[in-house]
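Survey of secondary and tertiary structure
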Amino acid sequence: MSNERRHRATVKDVATEAGVSRGTVSRVLNGQPYVSSEARAAIEAAIAKVGFVPNRAARSLVMQRTQAIGLIVHEPHSLFIEDPNIGAILLGANAALSEADYQLSFLIADSARDIERLARYLTGGLIDGVIVVSAREGDPITKAIAQLDLPATFVGHPHDIGDAAYVAIDNRGAAREITRRLAATGRQRIGMIAAALDRDSGADRLAGFVDARGNDFDPRLVQRVPLYSYADGQAGMRALLETCPDIDGVFAASDAVAAGAMDVLQAAGKSIPQDVGVVGFDDSSWALRCDPPLSTMRQSANELGRAAAESVLAQLRGEKPSTESRILECTVVWRESA
């Protein structure tokens, strides 16, 4: 191997070729101002000629940046396979970060031990900012982010995040809309399987259901379950049938919950939608796997992930995230289940 091939071009080589100081080369590499256009052009030409490749690790030390953004999901491991929204949020965030030459670091908080570990991890300077999914009020992770003044954007809007950036959908308004649409089909005894009430999305969907039912709201027709999961949909539907055997409409807090509910209804001899109309929330892959296909409220989880990543990147550039893009639209998708 020749000496030329063994030698890795350095900042000094670039400076010598361009006829400038090493400090001037460093300012260009680090994106700093106060370099003339002539010197910048000479440095760029020298970099191409000598084959210089910047050392990202060294550059990170100088700029105090890791080029990594953490995506924290506060959900049980079991839900990662079952909930398509988590994957869609992750892919949307990763696409936006990749375009900006940032790496996504995926962090899972399943247990109290996970939460404590992640709170410590955030203090280590290993990431530049975070996207937080499914945060609860009083979450230690949220407190750690606030104490560190770490650039962060929440997917959803827990009520204790103060003026922190967030991207979300109008869960309450969307739940109200699809419940009213279900009632418009002539259903009288409409119940809800309300999931994930320890986070804003679940609580807001229940509030929207209550809004829509108005004077017809019957608290006995609400079954509360822990997670947006198929198994919780089954459990919630069994409980509703015990409370109200002649129930004729169900709003499930997610498509996975709706799928579980539909299976229990059909096993009980109920025809969908003739006997019971069922609607869900998300328009995820679950909706088309149901038989009949599920009427639901469409949200774009991919766009939520992308918007959250763009918000963190804007903060890292010293910009204040636009409040106009915080609430993303939902639309009703009406199919044969109601």
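You'll find the structure just up there.
The structure reproduced in this document is the subject of the present report. (Residues numbered from 1 in each chain as written. Predicted model: local features only at pLDDT ≥ 70, side-chain atom pairs only at ≥ 80, totals over all residues. Heavy atoms only, no water.)

**Describing the overall build of the protein chain**
The helix and strand tally for the protein chain stands at 15 helices and twelve strands. Taking 20 Å as the expected radius of gyration for a compact globule of 338 residues, we find that the protein chain reaches 26 Å, considerably beyond that expectation. Considering only C-alpha atoms, the protein chain reaches an extent of 85 × 40 × 35 Å along its principal axes. Taking all 338 residues of the protein chain together, the buried fraction comes to 50%. Across the protein chain, the fraction of contacts at a sequence separation of at least 24, relative to all contacts at a separation of at least 6, is 72%. Surface accessibility of the protein chain: about 16,400 Å² in total, with carbon and sulfur atoms responsible for 49%. In the protein chain, 36 positive and 43 negative side-chain charges are present, and the distance between their average locations comes to 6 Å. (Helix = DSSP H or I, 4+ residues; strand = E, 2+ residues; numbered from the N terminus. Rg over C-alpha atoms; globule rule 2.2 N^0.38 Å. Buried < 20%, exposed > 50% of the residue type's maximum accessible area, 1.4 Å probe, protein only. Contact = heavy atoms within 4.5 Å. Areas by Shrake-Rupley, 256 points an atom, 1.4 Å probe, with all protein chains shown as cover. Lys, Arg positive; Asp, Glu negative; His and termini not counted. Charge placed at Lys NZ, Arg CZ, Asp CG, Glu CD.)

**Some details on the pattern of salt bridges**
All chains considered together, the criterion is met by 15 salt bridges. A salt bridge links Glu-75 to Arg-199; the nearest nitrogen and oxygen atoms lie 2.3 Å apart. In this pair, Glu-75 sits in the loop between strand S1 (68–73) and helix H6 (78–82) while Arg-199 sits in the loop between strand S6 (190–195) and helix H11 (200–213), placing the two residues 124 residues apart along the sequence. In terms of burial, Glu-75 and Arg-199 fall into one category: buried. For the salt bridge of Arg-335 with Asp-283, the shortest nitrogen-to-oxygen distance reads 2.9 Å. (Salt bridge = Lys/Arg side-chain N within 4 Å of Asp/Glu carboxyl O.)

**Focus: helix H4 (residues 37–50)**
With 14 residues, H4 ought to run about 20 Å at 1.5 Å a step, and its terminal C-alpha atoms sit 20 Å apart, in line with that. Looking at H4, one finds that the buried residues are Ala-39, Ile-43, Ala-46 and Ile-47. With its buried residues spanning 100° around the axis, H4 presents them on a single face. Of the exposed residues in H4, those oriented more than 90 degrees away from the buried face are Ser-37, Glu-38, Ala-48 and Lys-49. Tucked into the core, H4 has its buried residues touching helix H2 (11–18) and helix H3 (22–29). Of the residues flanking the end of H4, it is Gly-51, one or two places downstream, whose phi is positive at about 75°. (Expected span 1.5 Å × (residues − 1). Arc of directions from axis to C-beta.)

**Quick word on the packing of H3 against H4**
H4 packs onto H3 with a crossing angle of 85° between their chain directions and a minimal axis gap of 10 Å. Relative to H4, the element H3 lies roughly perpendicular. Within the contact between the two elements, H3 uses Thr-24, Val-25, Val-28 and Leu-29 and H4 uses Arg-40, Ile-43 and Ile-47. For the contact of H3 with H4, the residue count by class is five nonpolar, one polar and one charged. (Axes fitted to C-alpha atoms, helices over the stretch in contact; angles between N-to-C directions. Parallel < 35°, antiparallel > 145°, perpendicular 65-115°, else oblique. Nonpolar A, V, L, I, M, F, W, Y, C, P; charged D, E, K, R; others polar.)

**Quick notes on the nonpolar core**
Counting residues in each nonpolar core, the largest one holds 68 residues, and the members touching the most others are Leu-71, Ile-131, Val-155, Ile-193, Met-237, Phe-251 and Val-278. With near-sequence residues (within four places) excluded, Leu-71 lies in contact with Ile-89, Leu-90, Ala-93, Leu-104, Ser-105, Phe-106, Leu-107, Ile-131 and Val-133. (Core = buried A, V, L, I, M, F, W, Y, C linked by side-chain atoms within 4.5 Å.)

**Some details on the packing of helix H10 (residues 171–183) against H11**
Closest axis-to-axis distance for the H10/H11 pair is 7 Å, and the angle between their directions is 40°. By the angle class used here, H10 and H11 are oblique. Pair H10 / H11 crosses with right-handed handedness. Each of Asn-171, Arg-172, Ala-175, Arg-176, Thr-179, Arg-180 and Ala-183 in H10 lies in contact with H11, whose residues at this interface are Ser-201, Asp-204, Arg-205, Ala-207, Gly-208, Phe-209, Asp-211, Ala-212 and Arg-213. Its residues assigned to classes, the contact of H10 with H11 comprises five nonpolar, four polar and seven charged. (Left-handed = near helix turned anticlockwise from the far one by under 90°.)

**Examining empty space enclosed by the protein**
Counted according to the given criterion, the structure contains two cavities of 30 Å³ or more. In this structure, the largest cavity occupies an estimated 340 Å³ of space. As for the largest cavity, its lining consists of 23 residues, of which Ile-89, Ser-134, Ser-201, Arg-205 and Gln-299 are closest to the centre. In this model, the second largest cavity occupies a volume close to 40 Å³. Looking at the lining of the second largest cavity, the elements with two or more residues in it are helix H7 (84–99) and helix H13 (255–267). For the lining of the second largest cavity, the residue count by class is four nonpolar, three polar and three charged. (1 Å grid on protein atoms, 1.4 Å probe; cavity = no way out; pocket = protein on both sides within 12 Å on 5 of 7 lines; lining within 4 Å. Points joined across faces, edges and corners; volume = space filled by probe spheres on them.)

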